[in-house]
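Structural overview for review
One-letter residues, chain by chain:
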Amino acid sequence: MTSTTLQPFLSETGALVERHWQELAARRRLYTVFSLAILILALSGSLWFANETNSGKFLDRLPHLFDFVGDLVPRDGMEIWRAMFDLPSPYYDGSLQYDYPDGRHYITGSFYIPEYFYKMAETLNIAIFSTVIGLFFGFILSFIAAKNMTRNIWIRGMARRFMEILRAFPEVVLAGFFLAILSLGPLPAVIAVSIHTIGALGKLFFEVIENADMKPDEGLKAVGGNWIERAWFGMVPQVLPNFMSYFLLRLEINVRASTVIGAVGGGGIGEQLRLSISRGHEAKTLAIIILLLLTVIAVDQFSAWLRRKLVGDHAFQTIG
Amino acid sequence: MPSLNAAEMERIAAGHPEIFNRSVWRRFQVPLIVAALVLYVFYAWWFFAAGKVFGEANWGIAGNYLADWVSYEIRPDIEINPDGSMRITYSRFDPIGPNPNPDWLEAKREIVSRTIEAPTTAPSTTAPSAPSSSFNFMAGASQQQAAPAEAARTDVRAEEVVTEALVHMGASRTAEIRPNEVVLTRNDERVTLTLDTTAERVTAQGNLPEWVEQRSPGGRVIAYFGLSGWAEISSDRVRVHKRFLGWANFVFDTNSAFFGKSAGEVASLVLSSEHLDPRQSNLSLAWNDFLYNPSWQHLDVWTKLLQTVVMAFVGTLFAMLVAFPLSFIAARNIFRNRPANQLTKRFFDFLRSVDMLIWALFFTRAFGPGPLAGISAIFFTDTGSLGKLYSEALENIDDKQREGVKSVGAHPVTVQRYGVVPQVMPIFASQALYFWESNTRSATVIGAVGAGGIGLKLWEAMRTNSDWENVAYMVILILIVVFLFDAASNALRQRLMGTKAH
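Quantities reported herein were computed from a predicted structural model and do not represent experimental measurements.

Some points on the overall build of chain A
Within chain A, the secondary structure is distributed over 13 helices and 2 strands. Compactness check: chain A gives a C-alpha radius of gyration of 28 Å against a globular reference of 20 Å for 320 residues, more than 25% above the reference. With the C-alpha coordinates of chain A rotated into their principal frame, the extents come out at 95 × 70 × 40 Å. Residue pairs in contact within chain A that sit at least 24 positions apart in sequence constitute 67% of those at least 6 positions apart. Surface accessibility of chain A: about 16300 Å² in total, with carbon and sulfur atoms responsible for 66%. Computing the positive centroid from 28 side-chain charges and the negative centroid from 28, chain A places the two 8 Å apart.

Concerning the overall build of chain B
Of regular secondary structure, chain B possesses 19 helices and 13 strands. Of the roughly 27600 Å² of accessible surface on chain B, 60% is carried by carbon and sulfur atoms.

Quick word on the nonpolar core
Of all hydrophobic cores here, the largest spans 136 residues; its most connected members are A:Val173, A:Leu273, B:Trp69, B:Leu458 and B:Val471. Among residues more than four places away in sequence, those in contact with B:Leu458 are A:Val172, A:Val173, B:Thr444, B:Val471, B:Met474, B:Val475 and B:Ile478.

What to know about the pairing of strand β3 (residues 86-90) of chain B
Residues and elements named next belong to chain B. By the bridge criterion, 5 bridges tie strand β2 (residues 76-80) to β3 in an arrangement that is antiparallel. The partner of isoleucine 80 across the bridge, within β3, is methionine 86. Hairpin geometry of β2 and β3 is characterised by an intervening segment of 5 residues between the two adjacent antiparallel strands and by a positive phi of about 95° at glycine 84.

Digging into the interface of chain B and chain A
Facing 67 residues of chain B, the contacting portion of chain A comprises 65 residues. Of the roughly 5900 Å² buried where chain B meets chain A, counting both sides, 78% is carbon and sulfur surface. Taken together, chain B and chain A are joined by 0 salt bridges. Remark: the boundary between chain B and chain A carries 9 residue pairs in polar contact (both at pLDDT 80 or more). The greatest single-element share of the side of chain B that touches chain A, amounting to 9 residues, is contributed by helix α4 (residues 29-47) of chain B. Grouping the amino acids of the side of chain B that touches chain A by side-chain chemistry returns 51 nonpolar, 11 polar and 5 charged.

Here's the deal with the confidence of the model for chain B
A residue-level look at chain B finds 89% of positions with pLDDT of 70 or above and a mean pLDDT of 81. Least confident of the elements in chain B is helix α8 (residues 129-139) of chain B, whose mean pLDDT is 40; most confident is helix α12 (residues 298-330) of chain B, at 93.

Observations concerning the pattern of salt bridges
It is possible for side chains bearing opposite charge to pair when their charged atoms get close. Residue and element names in this part refer to chain B. Enumeration according to the criterion identifies 32 salt bridges over all chains in this entry. The shortest N-O distance in the salt bridge between glutamate 437 and arginine 493 comes to 3.8 Å. Of this pair, glutamate 437 sits in helix α17 (residues 412-447) while arginine 493 sits in helix α19 (residues 468-497), and the two are 56 residues apart along the sequence. Residue glutamate 437 is classed as buried on the basis of its relative accessible area of 11%. By relative accessible area, which is 2% here, arginine 493 ends up buried. Several salt bridges share partner residues, and in doing so they unite Asp77, Glu79, Arg87, Arg220, Glu232, Arg237 and Arg239 into one network.

Some thoughts on the packing of helix α10 (residues 215-222) of chain A against helix α11 (residues 227-266) of chain A
Residue and element names in this part refer to chain A. Packing of α10 against α11 brings their axes to within 9 Å, and their N-to-C directions diverge by 160°. Taken together, the axis directions place α10 and α11 in an arrangement best described as roughly antiparallel. The two elements α10 and α11 cross, and the hand of that crossing is right-handed. Where α10 abuts α11, its residues Pro216, Asp217, Leu220 and Lys221 lie against Glu229, Arg230, Phe233, Gly234 and Gln238. The residue makeup of the contact of α10 with α11, split by class, is 3 nonpolar, 2 polar and 4 charged.

Observations concerning the pairing of strand β8 (residues 189-196) of chain B
Residues and elements named next belong to chain B. As paired strands, strand β7 (residues 181-186) and β8 are joined by 6 bridges and run antiparallel to one another. Counterpart to arginine 186 in the pairing with β8 is glutamate 189. What sits between β7 and β8 in their antiparallel hairpin is a turn of 2 residues, with asparagine 187 showing a positive phi close to 50°. Examined bridge by bridge, β8 and strand β9 (residues 201-205) share 5 bridges and lie antiparallel to one another. Bridge pairing in β9 links leucine 195 to valine 202. Hairpin connection of β8 to β9: 4 residues between the antiparallel strands, including glutamate 200 at a positive phi of 55°.

Section: helix α14 (residues 356-367) of chain B
All names here are of chain B. Taking 1.5 Å per residue as the helical rise, α14 with its 12 residues ought to reach 16 Å, and the 16 Å between its terminal C-alpha atoms agrees with that figure. Of all 12 residues making up α14, 11 are buried, and the element is well covered by its neighbours. Here α14 has its buried residues at Met356, Leu357, Ile358, Trp359, Ala360, Leu361, Phe362, Phe363, Thr364, Ala366 and Phe367. Regarding α14, its N-cap is aspartate 355, as a side-chain oxygen of that residue lies 3.0 Å from the backbone nitrogen of leucine 357 further along.

Overview of the packing of aromatic side chains
All told, the structure shown has 49 aromatic pairs over all chains when counted by the stated rule. On the numbers, 5.3 Å between centres and 80° between planes, the contact of B:Phe47 with B:Phe48 is edge-to-face. Aromatic ring contacts, followed pair by pair, group A:Phe58, B:Phe318, B:Phe350, B:Trp359, B:Phe362, B:Phe363, B:Phe367, B:Phe379 and B:Phe380 into a single cluster. Its guanidinium or amino end placed over the ring of B:Tyr434, B:Arg493 lies 3.9 Å from that ring's centre, counting from NZ or CZ.

Describing the domain arrangement of chain A
In terms of domains, chain A is made up of domain 1 (3-53) and domain 2 (115-316). Relative placement of domain 1 of chain A and domain 2 of chain A: their C-alpha centres are 45 Å apart.

Points about the UniProt feature "transmembrane region" (unreviewed entry) in chain B
Residues and elements named next belong to chain B. In the numbering used here, UniProt assigns the feature "transmembrane region" (unreviewed entry) to residues 30-48, 309-335, 356-380 and 471-492. Along residues 356-380 the backbone is 88% helical and 0% strand, and the end-to-end C-alpha distance reaches 8 Å. Segment residues 471-492 splits into 100% helix and 0% strand. End C-alpha atoms: 31 Å apart.

A look at unusual backbone geometry
Residue and element names in this part refer to chain B. A positive phi is found at alanine 49, a non-glycine position, where the angle reads about 50°. Looking at where alanine 49 falls in the secondary structure, it is placed in the loop between α4 and α5 (50-56). We classify alanine 49 as partly exposed; its relative accessible area is 31%. Of note in the backbone geometry, asparagine 187 takes a positive phi value of approximately 50° without being a glycine. With respect to the helices and strands, asparagine 187 occurs in the loop between β7 and β8. Residue asparagine 187 is classed as partly exposed on the basis of its relative accessible area of 42%.

Each value, and the rule that gives it
- Residues numbered from 1 in each chain as written.
- Chains lettered and ligands numbered in written order.
- Predicted model: local features only at pLDDT ≥ 70, side-chain atom pairs only at ≥ 80, totals over all residues.
- Heavy atoms only, no water.
- Helix = DSSP H or I, 4+ residues; strand = E, 2+ residues; numbered from the N terminus.
- Rg over C-alpha atoms; globule rule 2.2 N^0.38 Å.
- Contact = heavy atoms within 4.5 Å.
- Areas by Shrake-Rupley, 256 points an atom, 1.4 Å probe, with all protein chains shown as cover.
- Lys, Arg positive; Asp, Glu negative; His and termini not counted.
- Charge placed at Lys NZ, Arg CZ, Asp CG, Glu CD.
- Core = buried A, V, L, I, M, F, W, Y, C linked by side-chain atoms within 4.5 Å.
- Buried < 20%, exposed > 50% of the residue type's maximum accessible area, 1.4 Å probe, protein only.
- Pairing = 2+ DSSP bridges.
- Buried area = accessible area lost by both parts, 1.4 Å probe.
- Salt bridge = Lys/Arg side-chain N within 4 Å of Asp/Glu carboxyl O.
- Polar contact = N/O pair within 3.5 Å; in protein donor to acceptor, adjacent residues only side chain to side chain.
- Nonpolar A, V, L, I, M, F, W, Y, C, P; charged D, E, K, R; others polar.
- pLDDT = per-residue confidence, 0-100.
- Axes fitted to C-alpha atoms, helices over the stretch in contact; angles between N-to-C directions.
- Parallel < 35°, antiparallel > 145°, perpendicular 65-115°, else oblique.
- Left-handed = near helix turned anticlockwise from the far one by under 90°.
- Expected span 1.5 Å × (residues − 1).
- Phe/Tyr/Trp six-rings, centres within 6.5 Å; stacked < 30°, edge-to-face > 60°.
- Lys NZ or Arg CZ within 6 Å of the ring centre and 35° of its normal.
- Domains from an automatic or database assignment.
- UniProt positions renumbered as here; feature names shortened; annotations may be inferred.

Right, dumping it as structure tokens:
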């Protein structure tokens with residue numbers, strides 16, 4: 001009866017309310033403490049496990065954290081630019097490390113594209129091409145998967161499950177499978193990224209369609225429009241800005257994804273990055289990192305700008 | 001119904017030219033974009049030389065790899081000796097154990113007297129045979145050859161050998177192998193191949209049906225028996241690839257004492273008190289044999305999978321904890337100091353724009369391959385992403401609650417705690433859950449560059465091109481984990497937000 005002793009001015013019912021409130025608060029506190037304890041337990045367990053199964057222990061390796069950065073310092077700042085633009089290096093000693101003209105892509109006569117710009121273009125093309133493929137198939141699938149466009153629950157369900165499977169499959173597995181069939185190169189990366197993109201864009205698209213205004217659709221139905229006409233004239237004009245915005249968002253994500261796939265053998269700049277790191281070519285590594293940073297920032301900024309122009313300041317969720 | 005007369009209509013049209021006389025771009029926006037995309041697709045097709053790559057692709061092995069996901073092959077190799085005897089061998093790590101005697105391969109054994117070149121008394125005479133023969137070619141064969149021919153003695157002895165083999169390749173599909181001919185049967189079609197060992201030729205009698213393939217006349221013949229496998233017939237050797245549905249040795253490997261036993265037998269062995277291995281009980285032996293099964297490596301796969309989960313969990317949690325205070329500094333409406341806002345925001349941008357892959361490579365160098373690198377990579381990238389989202393959420397809050405708390409004279413920290421945090425907490429938690437979920441997927445990919453987790457294991461299994469059933473096993477495990485995490489994070493999010501998030 002602490003509450004009544006602390007607040008003697010409360011009436012009988014008031015004290016009851018007060019006591020109930022305190023009970024609730026205590027239970028809430030208990031829950032909070034309990035979930036915090038579980039969280040801390042899980043976290044410390046995870047950290048212990050990660051440290052145990054890592055090849056180097058955290059505390060042992062901590063002093064070496066910046067070794068890699070140290071390795072990256074080139075002997076001459078100009079080396080980075082020479083590596084980036086494939087200019088001959090004065091340090092060329094017969095090793096591949098300083099033989100930058102080695103990778104030049106000649107277009108006509110003496111006009112060439114520096115290797116890393118070409119590889120960057122390849123990565124960008126992988127990203128754009130696979131996003132376009134994803135847009136095309138995701139577009140078609142999303143109309144089949146949307147509740148307000150397809151009344152048949154079986155067809156709708158199948159389209160949705162299909163997209164879920166495409167989305168859930170790890171990209172690296174798809175890339176590995178197609179690498180085995182098509183041999184090394186950018187095309188396996190295109191297939192892997194676009195399969196994932198179809199699933200991701202399709203899901204985002206059909207959610208947009210389900211939120212669309214159905215009045216134009218009703219109008220088209222009233223004048224006897226068929227399914228394709230209803231979709232094309234009733235839905236597409238409404239949802240197109242959002243579709244384009246999601247397309248651009250996905251493009252951003254896919255630029256990163258195609259870099260990663262490249263690093264595991266799918267061609268493009270990612271492959272070059274992994275190779276130059278593993279071979280210890282510091283100037284080349286730095287040149288690629290700078291190029292990659294600039295490209296990712298440029299693509300992000302451009303697509304953010306275009307997205308704002310298309311639909312205004314909407315917050316969009318990324319689907320990984 | 002009111003209507004407009006012509007003059008009024010024209011006046012309206014003149015007053016709003018942007019609606020009635022739109023620019024070419026605005027009128028044909030959509031078809032132009034579509035046309036550009038189509039053109040781009042053609043360009044990309046050329047850029048990637050897609051036609052050429054697809055043309056040269058080995059689609060045949062694609063079928064094999066896909067079949068490998070759910071089935072396995074056993075490859076008996078039937079060698080036909082010049083004297084008509086046969087030798088059946090199995091590849092070294094065959095799924096059916098070291099002493100296979102499968103019932104689908106019937107071997108007819110006979111006792112024959114064979115003339116066998118006795119194992120030479122002095123091994124030194126056989127050893128230099130390869131270089132000497134090349135020398136012979138230059139200097140005339142007969143006289144050099146004479147000496148080792150006399151030295152090699154021949155023995156005649158009776159021995160039981162395989163003289164005929166019958167391979168059942170599924171219902172009404174067989175391959176009968178005799179010393180000088182092979183008869184292939186598929187349903188009601190029969191093909192007889194004559195083997196000529198001395199001329200090294202395989203000749204078919206009659207026309208070949210479409211499931212039997214011979215690329216060059218007299219060369220090796222490949223017979224496809226559909227899903228049950230295929231056989232490759234050369235003049236002195238028949239290689240059979242017989243396919244079985246399922247995953248071989250999933251529980252116990254051929255080296256295990258429990259190999260080839262039924263579930264009941266294993267259970268009774270486990271329960272019996274007689275120890276197969278005197279050092280440990282049968283139960284622990286069985287458990288060990290299962291965990292360290294060399295072809296499936298269950299313990300290793302599970303550890304790696306747990307690493308992936310841990311990487312996503314710890315990385316996102318740390319990112320959330322660091323991004324939380326930093327986002328207050330980055331939010332313009334809360335921390336009224338422009339340089340500090342900008343600095344924090346650019347810091348977030350930096351963390352985000354350096355790709356997770358580069359962070360992963362960097363930390364793999366620092367910590368060595370393992371989950372610590374993955375945790376750090378996820379932590380760095382997600383601090384950037386979450387920080388940006390958090391600070392945007394903070395900039396969108398309702399100011400009234402803060403004013404209320406401020407008006408009663410609260411300390412600035414208390415203002416944030418009671419005026420801001422309750423508003424944004426559900427959004428923060430929900431965003432963190434989204435990232436946790438999507439990171440379980442991306443952790444697989446960065447694992448493939450060495451940042452720990454199941455990615456590398458998956459990648460290695462695919463690179464060898466023969467372990468596609470292991471790939472399938474790991475993919476199923478990953479999909480289960482991703483599915484469970486999706487469900488868990490959705491459930492948690494619904495509780496936090498109160499409503500259904502999606």
